[in-house]
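Here's the letter readout for the chains.
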Amino acid sequence: MILNAILVRSILVGAWSFVKSKLPPEGRRKLGTFLGRMAQKPLITSLVRWYDQRSVDAYLISFPKSGRTWLRLMIGRALEKHLELTDPKIMERILELETLAPLHPDVPKIRVIHDDEPEWKKHDELVQSKANYKNAKVILLVRDPRDVVVSIYFEHTKRVGHYAHIMQQVDSLKQYAERIKPYEGDLHSFIHESVGSFDTLISYYNIWEANRHLPKDFLLVRYEDIKTNTQKELRRVLEFLGVKSVQDEVIEEAVNFASFKNMRQMEKNRTFKSDRLTPTDQQDQESYKTRKGKVGGFTEYLNNEDIDYLNHQMEEHLSDFYQYKP
């Protein structure tokens with residue numbers, strides 16, 4: 001069936017390449033529309049998705065608000081300097097990371113995703129198998145769940161309103177569209193929410209612990225370890241990706257480039273020309289993507305009762321694999 005699908009797609013692509021130079025504009029438009037519809041057929045769509053997944057070397061995965069932007073900027077900057085990459089849009093490519101791959105044959109194709117869009121799901125709605133990643137390496141970035149839940153609360157109260165309409169149109173999220181909107185409750189209420197909050201986060205971590213043997217290779221990276229020894233952790237990630245012999249000076253430069261102070265300034269200046277790294281209110285610190293970047297910052301926002309509740313949930317339900325038991 002796969003061979004037949006490849007043949008069909010090849011015929012479509014070949015036909016379009018041949019006739020677009022032969023037909024008048026109106027004929028090209030009509031044929032383009034027809035081939036576009038054909039490309040949406042389930043068989044062709046599945047084939048394209050299969051090929052696309054096979055072409056990815058590694059995935060950088062995390063639950064939202066776990067420091068993923070920080071890590072991806074360090075990786076991207078290190079690759080840029082190590083391999084002397086040049087491009088008019090190099091900053092945007094560094095942020096996207098995956099689009100660096102065409103610039104040099106030694107750049108791995110790294111796809112950055114949250115995997116399963118867990119912030120919009122209840123814990124029992126999460127996909128249980130990670131078999132989709134069996135042909136690629138996976139870097140799983142994790143962070144203390146108590147810090148994550150506080151950070152995602154501010155994401156949902158301060159930032160979601162600016163991109164909710166986009167998320168509502170994502171095919172895999174259309175059934176959850178009514179959930180994708182700014183959160184109106186307080187932090188105490190949010191940590192008890194069934195959608196995208198603490199219960200979902202704990203289940204997400206446990207699912208990945210149970211599936212960590214499925215990818216071709218798997219690397220756990222903890223936010224707290226990056227904070228403790230940033231250069232060591234960055235080098236460990238690069239070596240896992242197959243990027244060897246990176247000079248210490250390159251590692252140090254990448255770390256400085258993605259420092260909290262510099263990231264905050266770049267976000268304020270819209271250096272990356274992306275809504276992903278832009279404050280919704282420059283006067284409101286809690287509306288920045290680079291909000292605080294602290295380890296244990298949850299103690300500044302949660303009272304003792306809330307902390308006790310989260311500690312109990314972690315003690316009872318979170319896998320020991322992550323070493324986050326209170």
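Every value quoted in this text rests on a predicted model; they were computed, and no experiment measured them. (Residues numbered from 1 in each chain as written. Predicted model: local features only at pLDDT ≥ 70, side-chain atom pairs only at ≥ 80, totals over all residues. Heavy atoms only, no water.)

**Q** Would you take a moment to explain helix 11 (residues 230-240) for this structure?
**A** It helps to recall that an α-helix has 3.6 residues per turn; residues three or four apart then point in one direction. Every buried residue belonging to helix 11 is among Thr230, Glu233, Leu234, Val237, Leu238 and Phe240, and all of these are buried. Projected down its long axis, helix 11 carries its buried residues within an arc of 160 degrees, all on one side. Check the buried side of helix 11 and you find it contacts helix 4 (68-82), strand 3 (137-142), strand 4 (217-222), helix 10 (223-228) and helix 12 (248-257). In the segment just after helix 11, Gly242 is the residue with positive phi, at about 90 degrees. (Buried < 20%, exposed > 50% of the residue type's maximum accessible area, 1.4 Å probe, protein only. Helix = DSSP H or I, 4+ residues; strand = E, 2+ residues; numbered from the N terminus. Arc of directions from axis to C-beta. Contact = heavy atoms within 4.5 Å.)

**Q** Got a minute to help me understand the confidence of the model for the protein chain in this structure?
**A** Regions with low pLDDT should not have their predicted coordinates read in detail. Mean pLDDT for the protein chain: 84, with 76% of residues reaching 70 or above. Taken together, the stretch residues 1-8 has pLDDT below 50 and engages in six contacts with residues farther than four places along the chain or on a different chain. Scored below 50 in pLDDT, residues 43-51 makes 13 contacts in the model with residues more than four places away or belonging to other chains. (pLDDT = per-residue confidence, 0-100.)

**Q** How should I be thinking about the sheet that holds strand 1 (residues 58-62) in this particular structure?
**A** Strand pairs in the sheet, formed through backbone hydrogen bonds, run parallel or antiparallel to each other. Taken in spatial order, the four strands line up as 2-1-3-4 in an open sheet, and their pairing is parallel. A strand with exactly one partner marks an edge of an open sheet, and here the two such strands are strand 2 (110-113) and strand 4. Neighbour-to-neighbour, the strand axes of the sheet open up by a mean angle of 20 degrees, direction not taken into account. Across the sheet, helix 11 touches strand 3 and strand 4, and the angle it forms with strand 4 is around 165 degrees. (Pairing = 2+ DSSP bridges. Axes fitted to C-alpha atoms, helices over the stretch in contact; angles between N-to-C directions.)

**Q** Would you mind showing me how to read the packing of helix 6 (residues 145-158) against helix 9 (residues 198-211) here?
**A** Helices that pack against each other are described as a pair by the angle of their axes relative to one another and the distance between those axes. Axis separation between helix 6 and helix 9 bottoms out at 10 Å; the angle between their running directions is 130 degrees. When the axis of helix 6 is compared with that of helix 9, the two are oblique. Remark: the crossing between helix 6 and helix 9 carries right-handed chirality. Facing helix 6, whose interface residues are Pro145, Arg146, Val148 and Val149, helix 9 presents Phe198, Leu201, Ile202 and Tyr205. A per-class count over the contact of helix 6 with helix 9 returns seven nonpolar, no polar and one charged. (Parallel < 35°, antiparallel > 145°, perpendicular 65-115°, else oblique. Left-handed = near helix turned anticlockwise from the far one by under 90°. Nonpolar A, V, L, I, M, F, W, Y, C, P; charged D, E, K, R; others polar.)

**Q** It is not clear to me how the environment of Gln128 should be interpreted in this structure. Could you clarify?
**A** Mapped onto the elements, Gln128 comes out in the loop between strand 2 and strand 3. Judged by its relative accessible area of 51%, Gln128 falls in the exposed class. C-alpha of Gln128 to C-alpha of Ala210: the two residues are 82 residues apart in sequence and 9.0 Å apart in space. In terms of polar contacts, Gln128 uses its side chain to reach the backbone carbonyl oxygen of Leu126, at 3.2 Å. (Polar contact = N/O pair within 3.5 Å; in protein donor to acceptor, adjacent residues only side chain to side chain.)

**Q** Help me understand unusual backbone geometry in this model?
**A** Excluding glycine, residues mostly carry a negative phi; peptide bonds, for their part, are mostly trans. Despite not being glycine, Asp116 shows a phi value in the positive range, around 80 degrees. On the secondary structure map, Asp116 appears in the loop between strand 2 and strand 3. Among the residues examined, Asp116 registers a relative accessible area of 16% and is labelled buried. If you check the backbone angles, Ser245 has positive phi at about 55 degrees while not being a glycine. Mapping Ser245 onto the fold places it in the loop between helix 11 and helix 12. The class of Ser245 is exposed, set by a relative accessible area of 66%.

**Q** Can you help me understand the packing of aromatic side chains in this one?
**A** In this description, a pair of aromatic rings is defined by centroid distance and the angle of the planes. Using the criterion set out here, one finds twelve aromatic pairs in the structure. Where Tyr59 meets Tyr133, the ring centres are 4.8 Å apart and the plane angle is 85 degrees; that geometry is what we call edge-to-face. With Tyr59 in strand 1 and Tyr133 in the loop between strand 2 and strand 3, the pair connects residues that are 74 residues apart, well separated along the chain. Judged by relative accessible area, which is 8%, Tyr133 ranks as buried. Considering the side-chain rings of Trp208 and Phe218, the 6.2 Å spacing of their centres and the 25 degrees angle between planes classify their relative orientation as stacked. Of this pair, Trp208 sits in helix 9 while Phe218 sits in strand 4, and the two are ten residues apart along the sequence. In this structure Trp208 comes out as buried when scored by relative accessible area, which is 0%. Its relative accessible area of 17% is what places Phe218 among the buried residues. An aromatic cluster of at least three residues, connected via ring pairs, comprises Tyr153, Phe154, Tyr183, Phe190 and Tyr301. (Phe/Tyr/Trp six-rings, centres within 6.5 Å; stacked < 30°, edge-to-face > 60°.)

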